[in-house]
Amino acid sequence: MWHEWKSFLLAAFLLALAIVVIFYPLVLQNHVLIQHDLHISDLNNFALPFRSYLGNELWRGNFPQWVPSALCGVPTIANIQLGACYPLNWLCYGLLPLPIGHNLYILLTFFIAGLGMYLLCRQWNYAEDAALIGGLAFCFCGFLCCHIRHLAMISTACWLPLSVAIIEWALRKERAQLLLFLSFSFALQQLAGHPQITYYSGLFYCLYLAGRLWSERETKVGFTKILAWFVLALLLGTLLASVQLLPTWELSKLWWRSGGVTYKEATAFPYYLKDLIHFVYPGFNGDPGNCTYRPRSSFYENYGYLGLLPFLFALVATASALWSKKKERLFVFLGLFSFLIILGPHTPVFSLFFHTIPGLALFRHPTRCMLLLNFCLALLAAMAWNGLRCYFAPSKRKLLGLLLFVIVLGDLFYFQRRRLPSVEAKKWLAPPVTAQYLKKQVGSHRYYTLDSSVTHLAAFRVATGWWGNLYPYIAQRDFLQPSINVLFGVSSADGYVNMAPKEVTSIWGYSSGRLGLVHKLYERVGQSTQPKALRLKNEFIKLMSLFNVKYFISLLPLQSPHVEEIKIASGAKLYRNKRVKERVFLAHRYFVIKDEKEQLQRLLAPTFNIDKEIVLATPVAEMAPGLEQSLHTEGKSNASITGESDSEVNVQVNMAQRGFLVLSDNHYPGWKVYVNGQEKSLLKANVTQRAVYLPSGKHKVKFVFSSKTVKIGLAITLFTLLITVGLLANYVLLDKEVGR
């Protein structure tokens, strides 16, 4: 027993040391990663700002359910890729300051991945050094290294080896109840926040168990019993994550991808077949790190390098497993299954799977099955070395294993370090000039960056990738591309989140590939490839004013009589909107229009007066039928925000005549409104905003976010946790009784 623990601790130490070597800028130089995508960085425009916000609120003793500073307000828990309920987020971001907590989170994620693979290899009775090779290969495989930019993705993926190890442990011990531990690892995967990787993992577990039961047909534990406990474990794992899943389900119904994706959308970025050479030599077809990768595909999605020797070992193990009919041939078949999905439209297989396997049609990028292929290759590599080491003298095996570990680490250091650009944390986290200016301004106003994706792409081109001078990436922060503003405490009407209601994205767009209404309301002056300025239409100014946007940031000069330039020492141009409305305002005339497109048309119509009129999605319950939709406006009315937090806004209102109070934040399930302490009907106004009908007089209005799905989900999570712990305790007690 002590020998096994000593080997485990040594393996953990060596893997931790390898992680420090690969990520030395984060550990030794106080850097942060700025892994790039062409139009935006998921890591730095979503993961880091929102996790920083989560951590700051947790440190203050508040669990935030709403982020008001991005996209006119978005939910935190419902945005699953934030992982608001993931324990590792609480540990790293809630207890530690940036960048320490952020960097530690990344390091721990890789450590969990590598150590989990080591434990799985040991379950297969591979020697310690062989298991260590498998752990190292998976820890720094191409999928994990390239998808740091999708932090939720690798956070979910890192639990895959440990979950498979639990299944194997239960089978080898012939104790089906041990599968209960799978419920915790599966719950952590779901809380980590990437449904696609969770789905692939769950599918992999099912195929793995089926394959192992077929190969162990004479096991003492009955097939039905194992299957029952396995299904129970997955069910309990899902219920344990209810606090995360229920709010996400609520938001998904409002999302533009609520019905899944079409086959064309799923295969929009197919695997580039020539990238198969990357398993042997990365960069053969060019590298985005120096702007030489040209195929119309995604280098990151296609990249699966896990070391030359591990890949060659995996090929040897594949031949050996198929020739001698070893149990490990299961990993050959699982790897082949994964590879066929990766190939997407290049074979008819993915089309068959897409239309027949439930759930597969919910996701894009089948190339993300590279995770499963890397997993199988890493384990096969460990199998190969476990066999090859037997040809050497026993006294030399561990020394050769350690030498092999160093060689593979050197290989991975050379190639995978190229995927991990980093800059000084002090420079990256320091507020840029534009953020400093906006932070100092009085009042609650928003800004909007025009052509935000263009600025990121420009930085990429100026820097010619990320192998050289990375200053252009630091400089482009002045454009406050969404949602990096959350990091600096300023509010944007736009935002970059993984999920948002479709009526919100219909206005502001979604990421770089799905443009919203706002992008149609300005035009380029001059040549389309090299415009000299941006001309703002009157409808653009009207829409921005309605949503409390006082400032515009742009790479190009803006042309409009309604804006004036603010001189700042920055490469970005900053403008003030002269017609901006306050975040809360009053209206005395309304139109009821149910159709979203018609609502937008009315808002932008020249005759629509945003100072007096609003558009409602439903009739006003407090008003008697037959009343005119024009309310008297004699007298002076005013409204002002007197206090707010992440999930509450307090407004003092003086109504000379009856009318509507409008808050230009997003309407969303869970928001309630109280007038003088009594709950009233919360109306959806101007497509996405919140409003409440008020009679004449003075009123204290409170908007409060209290999500039912979060409360129900939390209750289910706690109840399921109690049941799961009880089942485990019962198993331990029974096991002790049998042992006596």
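Residues numbered from 1 in each chain as written. Predicted model: local features only at pLDDT ≥ 70, side-chain atom pairs only at ≥ 80, totals over all residues. Heavy atoms only, no water.

## Considering the overall build of the protein chain
The test is simple: Counting from the N terminus, the helices are the DSSP runs of H or I reaching at least four residues and the strands are the DSSP runs of E reaching at least two. We compute the radius of gyration over the C-alpha atoms and compare it with the globule rule, which gives 2.2 Å times the number of residues raised to the power 0.38. Relative accessibility thresholds used throughout: buried, under 20% of the residue-type maximum; exposed, over 50%; partly exposed, between the two (1.4 Å probe, protein chains only). In these tables, accessible area is a Shrake-Rupley quantity obtained with a 1.4 Å probe, and a residue counts as shielded only by the protein chains included in the view. For this count, His and the chain ends are skipped, Lys and Arg are scored as positive, and Asp and Glu as negative. Lys charges are placed at NZ, Arg charges at CZ, Asp charges at CG and Glu charges at CD.
In terms of helices and strands, the protein chain carries 29 helices and 22 strands. For the protein chain, the C-alpha radius of gyration of 28 Å lies close to 27 Å, the compact-globule estimate for 740 residues. Each principal axis of the C-alpha atoms in the protein chain carries an extent, and together these give about 95 × 60 × 50 Å. Taken across its 740 residues, the protein chain has 58% of its residues classed as buried. Of the roughly 30700 Å² of accessible surface on the protein chain, 61% is carried by carbon and sulfur atoms. The distance from the centre of the 72 positive side-chain charges to the centre of the 42 negative ones in the protein chain is 3 Å.

## Some details on the pairing of strand β16 (residues 648-655)
Applied cut-off: A pair of strands is labelled paired if DSSP reports no fewer than 2 bridges between them.
What you see with β16 is a clean split: Val649, Val651, Val653 and Met655 sit on the buried side and Glu648, Asn650, Gln652 and Asn654 on the side with no burial. Taken together, strand β15 (residues 638-645) and the strand that follows it, β16, pair antiparallel across an intervening segment of two residues. Two elements, β16 and strand β22 (residues 697-705), share eight bridges in a ladder whose sense is antiparallel. Note that in β22 the partner of Asn650 across the bridge is Lys702.

## What to know about the packing of helix α3 (residues 42-59) against helix α4 (residues 87-95)
Defined as follows: To obtain each axis, a line is fitted to C-alpha atoms, and for helices this fit is confined to the stretch in contact; angles are then taken between N-to-C directions over 0 to 180 degrees. Should an angle fall under 35 degrees it is taken as roughly parallel, and over 145 as roughly antiparallel, whereas 65 to 115 is taken as roughly perpendicular and any remaining angle as oblique. We call two residues contacting when some pair of their heavy atoms lies within 4.5 Å. Following the grouping adopted for this structure description, the nonpolar residues are Ala, Val, Leu, Ile, Met, Phe, Trp, Tyr, Cys and Pro, the charged ones are Asp, Glu, Lys and Arg, and the polar ones are all others, Gly among them.
At a minimum axis distance of 7 Å, the contact between α3 and α4 shows a crossing angle of 75°. With respect to α4, the axis of α3 lies roughly perpendicular. Of the residues in α4, those in contact with Arg51, Ser52, Leu54, Gly55, Leu58 and Trp59 of α3 are Asn89, Trp90, Tyr93, Gly94 and Leu95. Grouping the constituent residues of the contact of α3 with α4 by class yields six nonpolar, four polar and one charged.

## Some details on a nonpolar patch on the surface
Keep this limit in mind: Each patch is built from residues lacking any salt bridge and having more than 30% relative accessible area; the joining distance is 9 Å for like charges and 5 Å for nonpolar side chains (Val, Leu, Ile, Met, Phe, Trp, Tyr). Any carboxyl oxygen of Asp or Glu that lies within 4 Å of a side-chain nitrogen of Lys or Arg is treated as forming a salt bridge with it.
On the surface, a nonpolar cluster with roughly 540 Å² of combined accessible area is contributed by Val280, Tyr281, Phe284, Leu308, Leu312 and Leu315. Within the element layout of this structure, Tyr281 appears in the loop between α14 (263-266) and α15 (299-302).

## A word on the pairing of strand β6 (residues 522-526)
Pairing analysis gives five bridges linking β6 to strand β7 (residues 531-536), with the strands arranged antiparallel. Each residue of the ladder has a partner; that of Glu523, found in β7, is Arg535. Linking two consecutive strands that pair antiparallel, namely β6 and β7, is a turn of four residues.

## Re helix α18 (residues 348-356)
For clarity, the threshold we go by: It is the directions from the helix axis to the C-beta atoms that the arc portrays.
Buried within α18 are the following residues: Phe350, Phe353 and Phe354. Taken end-on, α18 shows its buried residues confined to a sector of 100°, consistent with a single buried face. Across from the buried face of α18, at angles greater than 90 degrees, the exposed residues are Pro348, Leu352 and His355. On its buried face, α18 sits against α14 and α17 (329-343).

## Considering the sheet that holds β7
Pairing within the open sheet is mixed, and its three strands lie in the order β6-β7-β9. Two strands close off the open sheet at either side, each with one partner strand: β6 and β9 (558-559).

## Examining the environment of Leu14
Looking at the element boundaries, Leu14 is found in helix α1 (residues 2-22). Classification of Leu14 as buried rests on a relative accessible area of 14%. A C-alpha to C-alpha distance of 29 Å links Leu14 and Gly193, two positions 179 residues apart in sequence. For Leu14, the contacting residues outside a window of four places in its chain are Leu132, Leu402 and Phe405.

## Quick word on the nonpolar core
Filter applied, for reference: Nine residue types can take part in a nonpolar core, namely buried Ala, Val, Leu, Ile, Met, Phe, Trp, Tyr and Cys, and a core is a set of them joined through side-chain atoms within 4.5 Å.
Residues Phe23, Phe110, Phe140, Phe375, Trp508, Phe540 and Phe552 are the most contacted members of the largest nonpolar core, which totals 230 residues. Here this core takes 15 residues from helix α19 (residues 370-388), the largest share from any one element. Contact partners of Phe552, with chain neighbours within four places excluded, come to Tyr448, Leu450, Leu536, Phe540, Ile541, Met544, Leu558, Val563, Lys573, Leu574, Tyr575 and Asn577.

## Considerations on the environment of Ala656
Turning to its location among the elements, Ala656 is positioned in the loop between β16 and β17 (659-666). A relative accessible area of 25% means that Ala656 is categorised as partly exposed. For the pair Ala656 and Tyr208, spaced 448 residues apart in sequence, the C-alpha separation works out to 70 Å.

## Things to note about the packing of aromatic side chains
Spelled out, the test is: Two rings from Phe, Tyr or Trp (for Trp, the six-membered ring) form a pair when their centres sit within 6.5 Å of each other. Planes less than 30 degrees apart are called stacked, planes more than 60 degrees apart edge-to-face, and all others tilted. Criterion for a charge above a ring: Arg CZ or Lys NZ at most 6 Å from the ring centre, at most 35 degrees from the ring normal.
For the coordinates displayed, the defined rule picks out 48 aromatic pairs. Through a chain of ring-to-ring contacts, three or more aromatic side chains come together here, namely Trp124, Phe138, Phe204, Tyr208, Phe331 and Phe375. Sitting over the ring of Phe585, Lys581 keeps its end group 4.4 Å from the ring centre. When the ring centre of Phe591 is taken as reference, the NZ or CZ atom of Arg602 above it lies at 4.4 Å.

## Points about the packing of helix α6 (residues 128-139) against helix α20 (residues 394-416)
Taken N-terminus to C-terminus, the directions of α6 and α20 make an angle of 10°; their axes are 9 Å apart at the nearest point. In terms of orientation, α6 and α20 fall into the roughly parallel class. Across from Glu128, Asp129, Leu132, Ile133 and Leu136 in α6, the residues of α20 making contact are Arg397, Lys398, Gly401, Leu404, Phe405, Val408, Leu409 and Leu412. Of the residues contributing to the contact of α6 with α20, the split by class is eight nonpolar, one polar and four charged.

## Topic: the environment of Ile154
Tracing the sequence through the fold places Ile154 in helix α8 (residues 151-157). Sequence separation between Ile154 and Glu216 is 62 residues, and the spatial gap between their C-alpha atoms is 32 Å. Ignoring anything within four residues of it in the chain, the contact list for Ile154 reads Thr109, Phe110, Leu144, His147 and Ile148.

## Regarding the sheet that holds strand β18 (residues 671-675)
As summarised here, the arrangement of the five strands in space is β15-β16-β22-β18-β19, forming an open sheet in which the pairing is antiparallel. Taken across any chain shown, the strands that pair with only one partner, and hence form the sheet edges, are β15 and β19 (678-680). With direction set aside, neighbouring strand axes in the sheet form an average angle of 25°.

## A few points about the pattern of salt bridges
Where charged atoms of side chains with opposite charge meet at close range, the side chains can pair. Under the counting rule described, the total for this entry stands at 20 salt bridges. Linking Asp287 and Arg419 is a salt bridge whose minimum nitrogen-to-oxygen distance equals 2.6 Å. Placement of the pair is Asp287 in the loop between α14 and α15 and Arg419 in the loop between α20 and β4 (422-424), with a sequence separation of 132 residues. Here Glu523 ties to Arg535 by a salt bridge, and the two come within 3.1 Å at their closest N and O atoms. With Glu523 in strand β6 and Arg535 in strand β7, this pair connects stretches of sequence that are 12 residues apart. According to the relative accessible area criterion, Glu523 is partly exposed, its value standing at 33%. Sharing partners across several salt bridges, the network here consists of Arg446, Arg583, Glu644 and Asp665.

## Focus on the confidence of the model for the protein chain
Definition in use: For every residue, the predictor reports its confidence as pLDDT, a number between 0 and 100.
Per-residue pLDDT for the protein chain has a mean of 91; in total, 95% of the residues score no lower than 70. Every residue in residues 624-628 scores below 50 in pLDDT, and together they form three contacts with partners more than four places removed in sequence or on other chains.

## Some details on helix α10 (residues 180-192)
Each α-helix winds once per 3.6 residues, and so residues spaced three or four apart point in a common direction. Quick reminder of the rule: Residue count minus one, scaled by 1.5 Å, sets the expected span of a helix.
Between its first and last C-alpha atoms α10 spans 19 Å; for 13 residues at 1.5 Å apiece the expected length is 18 Å, and the two agree. Across the 13 residues of α10, 10 count as buried, placing the element largely inside the fold. When α10 is considered as a whole, its buried residues turn out to be Leu180, Leu182, Ser183, Ser185, Phe186, Ala187, Gln189, Gln190, Leu191 and Ala192. Gly193 sits one or two residues past α10 and shows a positive phi near 110°.

## Things to note about unusual backbone geometry
The linkage connecting Leu98 with the following residue, Pro99, adopts the cis geometry, with an omega of 0°. Secondary-structure assignment places Pro99 in the loop between α4 and α5 (100-123). In this model, Pro482 is joined to Ser483 through a cis peptide bond whose omega is 0°. Even without a glycine there, the phi angle at Cys291 is positive, about 60°. Secondary-structure assignment places Cys291 in the loop between α14 and α15. Of the residues examined, Cys291 reaches a relative accessible area of 17% and is grouped as buried.

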